[in-house]
Amino acid sequence: MGDLSQLFNPATIALLGASEAVGSLGAAALNNLLESRDRKVFPVNPKQKTIFGVPCYPSIADLPEKVDLVIIATPIQTVPGLAEQCGRAGIRAVSILAAGFLETGEEGKALLRDIDECRIRYGIRILGPNCLGFIRPGTGLRASFLGSRPEPGKIAFITQSAAFKKTLLDW
């Protein structure tokens, strides 16, 4: 299976689709990431210079350093191209929060095939698409758009169902 530390224990994270728009996926995920301890977070959005007072970069290629993890929170049509940019930049871990792939029919299936080809071509570890991300309470990392803040403990919880995960964390 190989090393998953870049995915689940990144020192540096870029969020593609970062935003200040209230209620947006990009704003919720960025707020969570900025609370992370001991991690560098780089918002990426070609339309912004800063977000929440943090310098924002127009693309992966413009980041000041290579990152361990890229989180994609953009419309689904942009995801294959962004996955390709990640691969060319040597990124080995990507989490795709964007939703609307298999459930949207043939167009979504084609986009998913493009992402999978990218994964194979560049050897990228991909979590998602259509996922809530992940939360590691003991490390202070919330690579998700959920507002939940579970306490650290001795239980790990993994589920395929985003609805079940959200329900359980809300409970």
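Just above, that's the structure.
Read on for a plain summary of the structure.

Conventions we followed
Residue numbers here run from 1 along each chain, matching the order of that chain's written sequence. Under the rules for a predicted model, residues below a pLDDT of 70 receive no local features and side-chain atom pairs below 80 are neither given nor counted, while totals for whole chains, interfaces and linings still include all residues. Hydrogens and waters are ignored; side-chain quantities use all the structure's heavy atoms. Two strands make a pair as long as DSSP finds a minimum of two bridges between them. Counting from the N terminus, the helices are the DSSP runs of H or I reaching at least four residues and the strands are the DSSP runs of E reaching at least two. Here, axes are lines fitted to C-alpha atoms. For helices the fit covers the stretch in contact, and angles between N-to-C directions go from 0 to 180 degrees. Between two residues, a contact is recorded if the distance between any of their heavy atoms is within 4.5 Å. Burial classes: relative accessible area under 20% of the type maximum marks a residue as buried, over 50% as exposed, and values in between as partly exposed (1.4 Å probe, protein chains only). Only the six-membered ring of Trp is used, alongside the rings of Phe and Tyr, when aromatic pairs are assigned; centres must lie within 6.5 Å, and planes under 30 degrees apart are stacked while those over 60 apart are edge-to-face, with the rest tilted.

Moving on: the sheet that holds strand S7 (residues 125-127). Spatially, the five strands line up as an open sheet ordered S2-S1-S5-S6-S7, and their pairing is parallel. Looking at which strands have only one partner, the edges of the open sheet turn out to be strand S2 (40-44) and S7. Ignoring strand direction, the axes of neighbouring strands in this sheet form an average angle of 20°. Alignment of strand S1 (residues 12-16) against S2, held across five bridges, turns out to be parallel. Each residue of the ladder has a partner; that of leucine 15, found in S2, is proline 43. Contacting S1, S2 and strand S5 (69-72), helix H2 (residues 25-34) crosses the sheet at an angle of about 165° to S1.

This part covers H2. Within the sequence span of H2, burial applies to Gly26, Ala27, Ala29, Leu30, Asn32 and Leu33. Buried residues in H2 make contact with S1, S2, strand S3 (50-51), S5 and strand S9 (141-144).

Among the structural elements, serine 59 can be located in the loop between strand S4 (54-55) and S5. Among residues more than four places away in sequence, those in contact with serine 59 are Val44 and Gln85.

Quick look at the packing of aromatic side chains now. For the structure shown, the criterion picks out two aromatic pairs. Ring centres of phenylalanine 8 and phenylalanine 134 lie 5.0 Å apart, and the angle between their planes is 75°; this geometry places the pair in the edge-to-face category. Remark: phenylalanine 134 occurs in strand S8 (residues 133-136) and phenylalanine 8 occurs in helix H1 (residues 5-8); sequence separation between them is 126 residues. Between phenylalanine 42 and tyrosine 57, the aromatic rings sit 5.9 Å apart at their centres with planes inclined by 70°, giving edge-to-face as the arrangement. Placement of the pair is phenylalanine 42 in strand S2 and tyrosine 57 in the loop between S4 and S5, with a sequence separation of 15 residues. With respect to class, phenylalanine 42 is no different from tyrosine 57; both count as buried.

Further remarks concern unusual backbone geometry. Here glycine 128 and proline 129 are connected by a cis peptide whose omega angle stands at 10°. Relative to the helices and strands, proline 129 resides in the loop between S7 and S8. Here phenylalanine 52, not a glycine, exhibits a phi torsion of approximately 50°, which is positive. With respect to the helices, strands and loops of the structure, phenylalanine 52 is situated in the loop between S3 and S4. Judged by relative accessible area, phenylalanine 52 falls into the partly exposed class, the value being 33%.

Mapping glutamate 117 onto the fold places it in helix H4 (residues 106-122). Under the relative-accessibility criterion, glutamate 117 is labelled partly exposed at 46%. Once the C-alpha coordinates of glutamate 117 and alanine 83 are considered, the two residues, 34 residues apart in sequence, prove to be 9.8 Å apart.

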